[in-house]
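# Residue-level structural notes
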Amino acid sequence: GNLVTNYKDIKLPPQPYTVKVEMNKANPIEEKFILQKKEKKTLEMYPSISTGTIQIAVMPSDAEIELTDSEGNKYTSIGSKVFENIPVGEYILKTSKKEYKTVSHEIKLSSSVTEKSSIILEKGADVAIEMVLVQGGTFNMGGNGDEDEKPVHAVTIGDFYIGKYEVTVTQFKNVKENIQSNKKPDNKPEDEATWYDAAEFCNKLSEKEGLTKCYSGNGNYITCDFKANGYRLPTEAEWEYAARGGNKSMGYEFSGGNKLSAVANNSLLGGRDSVGSKKPNELGIYDMTGNVSEWCWDWYDSNYYNISPENNPTGPSAGSDRTLRGCAWGHAKDMYYISNRESCNPGSKYSSGGGFDFSGFRVVRTKVDL
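Per chain, residue numbering runs from 1 following the sequence as it is written. Restriction of local features to residues with pLDDT of at least 70 applies here, the model being predicted, together with a cutoff of 80 or more for giving and counting side-chain atom pairs; totals for whole chains, interfaces and linings are based on all residues. Heavy atoms throughout the structure, all of them, feed into the side-chain values; hydrogens and water do not.

On to the sheet that holds strand S17 (residues 293-299), then. Here a strand pair is declared whenever DSSP counts at least two bridges between the two strands. Helical segments are the DSSP runs of H or I of at least four residues, strand segments are the runs of E of at least two, and each set is numbered from the N terminus. Within the open sheet, the 4 strands sit side by side as S19-S18-S17-S20. Their pairing is mixed. Unpaired on one side and paired on the other, strand S19 (341-344) and strand S20 (359-360) mark the two borders of the sheet. In this sheet, S20 lies alongside S17 in parallel orientation, the contact comprising 2 bridges. Residue pairing in the sheet places Glu294 in a bridge with Gly360 of S20.

Here the term buried applies to any residue with accessible area under 20% of the maximum for its type, exposed to any over 50%, and partly exposed to those in between, with areas from a 1.4 Å probe on protein chains only. What you see with strand S12 (residues 153-157) is a clean split: His153, Val155 and Ile157 sit on the buried side and Ala154 and Thr156 on the side with no burial. The pairing of strand S11 (residues 137-141) with S12 spans 5 bridges and is antiparallel. By the bridge assignment for S12, Asn140 is matched with Ala154.

Our focus in this paragraph is the layout of surface pockets. Taken as a whole, the second largest pocket encloses approximately 610 Å³ of empty space. Any residue with an atom within 4 Å of a point lines the site, the site being either a cavity, points on a 1 Å grid over the protein atoms alone where a 1.4 Å probe fits but cannot get out, or a pocket, an open set with protein on both sides within 12 Å along at least 5 of 7 lines. Lining the second largest pocket are 26 residues, and of these Thr68, Gly72, Met131, Val132 and Leu133 sit closest to its centre. Broken down by secondary-structure element, the contributors of at least two residues to the lining of the second largest pocket are strand S4 (64-69), strand S7 (89-96) and strand S10 (131-134). Counting residues per element, the lining of the second largest pocket draws most heavily on S7, at 4 residues. Residue composition of the lining of the second largest pocket, grouped by class: 9 nonpolar, 6 polar and 11 charged. Grid points are joined across faces, edges and corners, and a volume is the space filled by probe spheres set on the points. All amino acids are sorted into three groups, where Ala, Val, Leu, Ile, Met, Phe, Trp, Tyr, Cys and Pro are nonpolar, Asp, Glu, Lys and Arg are charged, and the leftover types, Gly among them, are polar.

Here we take up empty space enclosed by the protein. By the definition in use, this model includes 2 cavities of 30 Å³ or more. For the largest cavity, the calculated volume is near 50 Å³. What lines the largest cavity is Met141, His153, Glu236, Ala237, Asp298, Tyr304, Tyr305, Ser308 and Pro313. Considering only residue class, the lining of the largest cavity consists of 5 nonpolar, 2 polar and 2 charged. Space inside the second largest cavity adds up to approximately 30 Å³. Lining of the second largest cavity is provided by Trp239, Met288, Thr289, Gly326, Cys327, Met335, Tyr336, Tyr337 and Ile338.

Attention now goes to the sheet that holds strand S13 (residues 160-163). Hydrogen bonds along the backbone pair up the strands of a sheet, which may run parallel or antiparallel. Pairing is antiparallel in the open sheet, where 4 strands are placed in the order S10-S13-S21-S16. Since the sheet does not close on itself, it has two edges, and those belong to S10 and strand S16 (231-232), each with one partner. One ladder, built from 4 bridges, connects S10 with S13; its direction is antiparallel. Each bridged residue has a counterpart across the sheet, and for Val132 the counterpart in S13 is Ile162. Each of S10, S13, S16 and strand S21 (364-366) touches helix H3 (residues 236-243); the most contacted strand, S13, lies at about 75 degrees to it. Throughout, a contact is declared for two residues whenever any of their heavy atoms are within 4.5 Å. Every axis corresponds to a line fitted to the C-alpha atoms, with the helix fit spanning only the stretch in contact, and the corresponding angles, defined between N-to-C directions, vary from 0 to 180 degrees.

Here it is in structure tokens:
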């Protein structure tokens, strides 16, 4: 009944033993034996990975295929491909080609199974959003700065996907039809989006990708279906958990490090940077500190942390302002720490934080079991 974890030259009394070997994505194996007095026994045990096959057919025939597992490992191809003997688990399949709309969806691969996908890309501007899987966990939300960050409290978050980058001007213009904007398409974050603009973007992108829309209703009566598989804004708790690095957090002051200039654009002179210009955080997510302030789903309440539920909080049921996080370029440097909160009327483009404070956003998707 005693567990032995040292696995080299173990000295044990003579008696019956069971040795069990377990490895991620492998079938466990075990061996039983009786150790005799003064006997030296050497075991060779090789766990075998549980694998399956994913078969992908694409049109056009030279479209790019990228298959990514939950640990970030990638399998790629140009054109139709059969990926044989790959580890079981959950994958994101992304198919793309210049001047075509990128398609992304989830695949759950089981042992000794062949999963098949046939994808026909549509002509049109690419609006693909690159997503990062954030594995759930428990963290301490809040800080010791302003009163609206207190008390620090434990929050448990489920798995979800979040945009690797803030939504760019190009993506924003391509998804929202008849948008009135003087901006030319570029890779900088959209910085004049109201909360309503961001919610509309999420629904339209969901429609374009054949996903179930999360938002319904109008104005202050918009509701969110958090079980839908479409795009939505992060809850404030999801945003902070991802910004802190999720279950890979190193406890940095800013998202990705303790040196502000390495992870954030906070220049009064330069304005916005192209997304991904600075160092990412522990999860590979960019610009969660600086660049633009980011809309969250939650209504803002300075006292909400006193009553926040522990599991997947979604904010107050009503309010006048929505929450923003992350601090736009041009803020005072003492405002960029992760737990700092801002608020803004959902119909406005600028938060109440003062300074050069422009509003953008990134999207998330609930991880839905297949």
